[in-house]
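# Structural overview
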Amino acid sequence: MSSRPSLVVDHDPDEGYSLPGWLYHDPEFYRHEMTRIIRPSWQIVCHVSDLPVVGSWHTLEYLGESIVVVRGDNGDIAAFTNVCRHRGSRLVDGSSGCAKKLVCPYHAWVYELDGRLSGVPARASYTVPLPAGLVPVEHETWQGFVFVRLESGGPSVAAMMAPHEAEVAPYRFADMQPLKSVTERPRAVNWKNLCDNYSDGLHVPVAHPGLRRLFGDGYHIEAGAHADRLGGKLRDLARGSWSERAYQKLRPRAEHLDDAAQSLWLYFKLWPNIAFDIYPDSVDFMQFLPTGPTTTSLRESAYALPDPRREMRAARYLNARINRDVNAEDNVLVNRVQAGMASSSYTAGPLGEGEVCLRSFARKLRAAIPEARLPKAPAPGWSN
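The following refers to the structure shown. (Residues numbered from 1 in each chain as written. Predicted model: local features only at pLDDT ≥ 70, side-chain atom pairs only at ≥ 80, totals over all residues. Heavy atoms only, no water.)

Looking only at helices and strands, the chain has 9 helices and 18 strands in total. A compact globule built from 384 residues would reach a C-alpha radius of gyration of about 21 Å, and the chain, at 22 Å, matches this within 12%. Viewed in the frame of its principal axes, the chain has a C-alpha envelope of about 75 × 60 × 35 Å. A fraction of 66% describes how many contacts in the chain between residues 6 or more apart in sequence connect residues 24 or more apart. Carbon and sulfur atoms make up 54% of the accessible area of the chain, which totals about 17,400 Å². (Helix = DSSP H or I, 4+ residues; strand = E, 2+ residues; numbered from the N terminus. Rg over C-alpha atoms; globule rule 2.2 N^0.38 Å. Contact = heavy atoms within 4.5 Å. Areas by Shrake-Rupley, 256 points an atom, 1.4 Å probe, with all protein chains shown as cover.)

In structure tokens:
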């Protein structure tokens, strides 16, 4: 049973404040975040369509671990540390591939797709018991997306998303196919900076002119116990960029969705660092994977139901163009914030009552690491 504190907090004395600036660059606090927040949290590896045949594998590297998920001979998906039990060599290289068996390139130990150790050169020379197989990693497939976590405890992904299951189900995530491969882009900012920006509703009409035109004043945010819900309905545009107007004009009806979802752009931010962007034409995930106190890997991919219509292909292309501009705008914003967080003058800023997602994120983080309430970093070695 996990001894971690509950992240569902009824009352937080610092409710009206954001997180202090030192949390966005302090190495010692970062180490605690990785132990108390990221290790026990679910992380996306890929989608089931990224593992199309028996032997397909996909990796995820974080917190010094390399995890490999693989589709076994029976079609089931399993997850293991990408580490040979003999001398610790990595078994596979790269982000994805396919193999009949997992063979260590160092000493040719052989593992079946279910992780069992099946081949050891000179087996009789070992005088101690050999391991049964690879070290398994807890995994879960939710709506076609494959998650892993390094430390057990806490709710499943399905339980975390349960309040939204009825809304998500019609999109048929599990039936989708990749529109592109999983990619990673380095960002010179703290991971929380990206999470904050994703769930911040106030900056949308100020810093994203395209989204302002598309949503008008209809962009909304809601905080949940484990997932935030954001989004808005697209307006009919008489003016706007070429991409925005063409998307509105060419986007065909998504027959698997009801009338209300045809013009809905929907977003979910899953605690602590996973986001789903859900459109009538496609869905993508974004993962803000910490790599250091002031660095993050932005990991993402996009998926869609098979649809041969030219109008749908055009809509997906235009959607990507619109969001490419949004991402570029966000990159400027988070860089500005990261620079400001380094100033000794910044402690914690006030949060309005409408900034419910930022309040919720800060509340959860303070529950996990109480030192996050301090306005300034404690003396070095404070956690010893």
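Next, the rest of the story.
Among the 5 residues that make up strand 16 (residues 274–278), 5 are buried, leaving the element largely enclosed by the rest of the structure. Side chains of strand 16 alternate between two faces, with Ile274, Phe276 and Ile278 and Ala275 and Asp277 buried alike. Where strand 15 (residues 264–270) lies against strand 16, 5 bridges are found, and the strand directions are antiparallel. Bridge assignment links Leu266 to a residue of strand 16, and that residue is Ile278. Linking strand 15 back to strand 16 in an antiparallel pair, the connection comprises 3 residues. The sheet contact formed by strand 16 and strand 17 (residues 283–292) spans 5 bridges and is antiparallel. Bridging across to strand 17, Asp277 finds its partner in Asp284. Here strand 16 folds back onto strand 17, and the loop between the two strands holds 4 residues. (Buried < 20%, exposed > 50% of the residue type's maximum accessible area, 1.4 Å probe, protein only. Pairing = 2+ DSSP bridges.)

Our next topic: helix 4 (residues 191–199). Most of helix 4 sits inside the fold, with 9 of its 9 residues counted as buried. Among the residues of helix 4, those classed as buried are Trp191, Lys192, Asn193, Leu194, Cys195, Asp196, Asn197, Tyr198 and Ser199. In this structure Asn190 caps helix 4, since a side-chain oxygen of it lies 2.9 Å from the backbone nitrogen of Lys192. (Polar contact = N/O pair within 3.5 Å; in protein donor to acceptor, adjacent residues only side chain to side chain.)

Here we come to the sheet that holds strand 10 (residues 145–149). Spatially, 3 strands are ordered 1-10-9 in an open sheet, and the strand pairing comes out antiparallel. Every interior strand has two partners, whereas the edge strands, strand 1 (43–47) and strand 9 (138–142), have only one. Sheet twist, expressed as the mean angle between neighbouring strand axes with direction ignored, is 30°. In terms of strand pairing, strand 9 meets strand 10 through 5 bridges, oriented antiparallel. (Axes fitted to C-alpha atoms, helices over the stretch in contact; angles between N-to-C directions.)

For the rest of this paragraph, the subject is the packing of aromatic side chains. Within this structure, the stated rule accounts for 21 aromatic pairs. Relative to Tyr267, the ring of Tyr219 lies with its centre 6.3 Å away and its plane at 55°, an arrangement referred to as tilted. You can see Tyr219 sitting in the loop between helix 6 (209–215) and strand 13 (220–222) and its partner Tyr267 sitting in strand 15, a full 48 residues away along the chain. Through pairs of rings, three or more aromatic residues link up here, namely Tyr198, Phe215, Tyr219, Tyr247, Trp265, Tyr267, Tyr279 and Phe288. Over the aromatic face of Tyr24 sits the side chain of Lys192, whose NZ or CZ is 4.8 Å from the ring centroid. (Phe/Tyr/Trp six-rings, centres within 6.5 Å; stacked < 30°, edge-to-face > 60°. Lys NZ or Arg CZ within 6 Å of the ring centre and 35° of its normal.)

Of note, the bond from Trp271 into Pro272 is cis; its omega dihedral lies within 30 degrees of zero at -5°. One can find Pro272 in the loop between strand 15 and strand 16. Positive phi, close to 65°, is recorded for Ala108, a residue that is not glycine. The topology assignment puts Ala108 in the loop between strand 6 (102–103) and strand 7 (110–111).

The strand order across the open sheet formed by 4 strands is 4-3-2-5, and the pairing between neighbours is antiparallel. Taken across any chain shown, the strands that pair with only one partner, and hence form the sheet edges, are strand 4 (77–81) and strand 5 (96–98). With strand direction ignored, the average angle separating the axes of adjacent strands in the sheet is 25°. Both strand 3 (residues 65–71) and strand 4 contribute to a ladder of 5 bridges, which runs antiparallel. Paired with Arg71 across the strands is Ile77, a residue of strand 4.

Turning our attention to the environment of Val182. Its location among the elements puts Val182 in the loop between strand 11 (177–178) and strand 12 (183–187). As for Val182 and Ser343, which are separated by 161 residues in sequence, their C-alpha atoms are 35 Å apart. Leaving out residues up to four positions away in the same chain, Val182 has contacts with Asp50, His58, Phe285, Arg299, Glu300, Ser301 and Tyr303.

Within the fold, Ser41 resides in the loop between helix 1 (27–38) and strand 1. With a relative accessible area of 5%, Ser41 lands in the buried category. A polar side-chain atom of Ser41 sits 3.3 Å from the main-chain carbonyl oxygen of Ile37. Reaching out from Ser41, the side chain makes a polar contact with the side chain of Gln43 at a distance of 2.8 Å. Setting aside chain neighbours within four positions, we find Ser41 in contact with Val148, Arg149, Pro272 and Asn273.

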